[in-house]
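Overview (structure and organization)
Each chain, written out:
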Amino acid sequence: MRNLAILTASAVLLVALGGRADAGKTCIVTATEALPKITGLVVKRSRTRPVSPAILATWRGQSKPIIVDVDVETAGDAQTFSYVCVMTQGSAFVQRTMN
């Protein structure tokens, strides 16, 4: 019985962590699609990070937002575009932030 409880708890944890990873991947894809349409734009790197405590303090949504940073390069000029991403009903909504 104890082994069954441990196995069940482990399965729930893995599903929760997998869901977060999928959400991050979905947010990265959506943020990449939202990049400006510039000829020669090359995505070098992307990553996610938590939003600041100031944003969370005023956040009223049901889903916890994350920040997606996308590092790009155009004609030797490197830039980072940052987006706030929220998952709603399996879809990602992104909005560019000014950092």
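The present account deals with the structure reproduced in this document. For clarity, every value in this text was computed on a predicted model and none was experimentally measured.

It is worth spelling out the pairing of strand β3 (residues 77–88) at this point. The pairing of strand β2 (residues 66–74) with β3 spans 9 bridges and is classified as antiparallel. Looking at β3, one finds that Asp71 is bridged to Thr80. Where β3 lies against strand β4 (residues 91–97), 7 bridges are found, and the strand directions are antiparallel. The partner of Val86 across the bridge, within β4, is Phe93.

Our next topic: the sheet that holds β4. A sheet is described by the order of its strands in space; here 4 strands give the open sequence β1-β2-β3-β4, paired in antiparallel fashion. In this open sheet, the two edge strands, each paired with only one partner strand, are β1 (42–50) and β4. Recorded for the sheet is a direction-independent mean angle of 30° between the axes of neighbouring strands.

Turning to the nonpolar core, a few remarks are in order. Here is a general trend for soluble globular proteins: nonpolar side chains tend to be buried in one another's company. One finds Cys27, Ala31, Leu35, Val68, Val70, Val72, Phe81, Tyr83, Cys85, Ala92 and Val94 forming the largest nonpolar core, which totals 11 residues. The set of elements that each furnish at least two residues to this core consists of α1 (2–33), β2, β3 and β4. For Val72, the contacting residues outside a window of four places in its chain are Leu35, Leu41, Val42, Val43, Lys44, Asp77, Ala78, Gln79 and Phe81.

Mapped onto the secondary structure, Thr74 falls in strand β2. Sequence-distant contacts of Thr74, defined by excluding residues within four places in its chain, comprise Ile38, Gly40 and Leu41.

Turning our eyes to something else, we now look at the environment of Thr30. Position of Thr30 relative to the elements: it lies in helix α1. The spatial distance from the C-alpha of Thr30 to the C-alpha of Gln95 is 10.0 Å, given a sequence separation of 65 residues. With near-sequence residues (within four places) excluded, Thr30 lies in contact with Ala92 and Val94.

On to the pattern of salt bridges, then. Taken as a whole, this structure holds 3 salt bridges when the rule is applied. With a closest N to O distance of 4.0 Å, Arg47 and Asp69 form a salt bridge. Placement of Arg47 in strand β1 and of Asp69 in strand β2 is noted, with a sequence separation of 22 residues between them. By relative accessible area, Asp69 is classed as buried at 5%. Between Asp71 and Arg47 there is a salt bridge, with its nearest N and O atoms 2.7 Å apart. Within this pair, whereas Asp71 is found in strand β2, its partner Arg47 is found in strand β1, the two being separated by 24 residues in sequence. Classification of Asp71 by relative accessible area gives buried; the value is 14%.

Analysis parameters
Residues numbered from 1 in each chain as written. Predicted model: local features only at pLDDT ≥ 70, side-chain atom pairs only at ≥ 80, totals over all residues. Heavy atoms only, no water. Pairing = 2+ DSSP bridges. Helix = DSSP H or I, 4+ residues; strand = E, 2+ residues; numbered from the N terminus. Axes fitted to C-alpha atoms, helices over the stretch in contact; angles between N-to-C directions. Core = buried A, V, L, I, M, F, W, Y, C linked by side-chain atoms within 4.5 Å. Buried < 20%, exposed > 50% of the residue type's maximum accessible area, 1.4 Å probe, protein only. Contact = heavy atoms within 4.5 Å. Salt bridge = Lys/Arg side-chain N within 4 Å of Asp/Glu carboxyl O.

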